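What follows is the residue order along each chain.
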Amino acid sequence: PDLVLPRYKLAVWVDGCFWHGHEDHSPLPTSGPNVELWRAKRKANRERDARAVAIAEGLAWSCLRVWECEVKRALPSVVDSVALAVGRPAE
């Protein structure tokens with residue numbers, strides 16, 4: 001995770017839009033010498049993401065994932081999401 005709040009048992013990941021395949025605006029390139037590399041990299045990242053969440057949830061941690069673009073575009077909303085996840089209103 002990118003942010004760990006042990007007191008609240010909350011793990012927060014901020015996923016890079018390209019590397020984790022945010023479909024809304026980071027489509028996978030369809031041509032070029034590295035298409036298969038990017039496809040494999042994104043697939044591996046998503047599989048690793050799922051394993052990490054499963055491990056954290058198995059240890060009774062809450063997990064929150066946000067996109068890089070959300071942080072850039074609407075940071076207050078991301079802060080609100082974290083505050084809700086720990087059961088506190090954002091200030």
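Right above here is the structure, for reference.
Parameters and conventions
Residues numbered from 1 in each chain as written. Predicted model: local features only at pLDDT ≥ 70, side-chain atom pairs only at ≥ 80, totals over all residues. Heavy atoms only, no water. Helix = DSSP H or I, 4+ residues; strand = E, 2+ residues; numbered from the N terminus. Buried < 20%, exposed > 50% of the residue type's maximum accessible area, 1.4 Å probe, protein only. Contact = heavy atoms within 4.5 Å. Phe/Tyr/Trp six-rings, centres within 6.5 Å; stacked < 30°, edge-to-face > 60°. Lys NZ or Arg CZ within 6 Å of the ring centre and 35° of its normal.

Caption draft 1: Examining the overall build of the protein more closely. Each helix and strand in the protein was counted, giving 4 helices and 3 strands. Tracing the protein from N to C terminus, the helices and strands come up as β-β-α-α-β-α-α. Each of the three principal axes of the protein carries a C-alpha extent, and together these read 45 × 30 × 15 Å. Residue burial in the protein is summarised as follows: out of 91 residues, 26% are buried.

Caption draft 2: Local environment of the environment of Cys 63. Mapping Cys 63 onto the fold places it in strand 3 (residues 62-67). Along the primary structure Cys 63 and Asn 34 are separated by 29 residues, whereas in three dimensions their C-alpha atoms are 32 Å apart. With sequence-adjacent residues up to four places away left out, Cys 63 is seen in contact with Leu 10, Ala 11, Trp 13, Val 53, Ala 56 and Glu 57.

Caption draft 3: Inspection of the packing of aromatic side chains at higher detail. Across all of its chains, the model carries 3 aromatic pairs by this definition. Ring centres of Phe 18 and Trp 38 lie 5.7 Å apart, and the angle between their planes is 80°; on these two criteria the pair is classed as edge-to-face. Of this pair, Phe 18 sits in helix 1 (residues 17-20) while Trp 38 is found in helix 2 (residues 35-58), placing the two residues 20 residues apart along the sequence. Looking at Phe 18, the relative accessible area reads 27%, which means it is partly exposed. Between Trp 19 and Trp 38, the ring centres sit 5.3 Å apart and the planes meet at 70°, which makes this aromatic pair edge-to-face. Of this pair, Trp 19 sits in helix 1 while Trp 38 sits in helix 2, placing them 19 residues apart in sequence. Trp 19 gets classed as partly exposed once you look at its relative accessible area, which sits at 38%. Taking relative accessible area as the criterion, Trp 38 reaches 23% and is therefore assigned partly exposed. Directly above the ring of Phe 18 sits Arg 42, whose terminal nitrogen or CZ lies 4.6 Å from the centroid.

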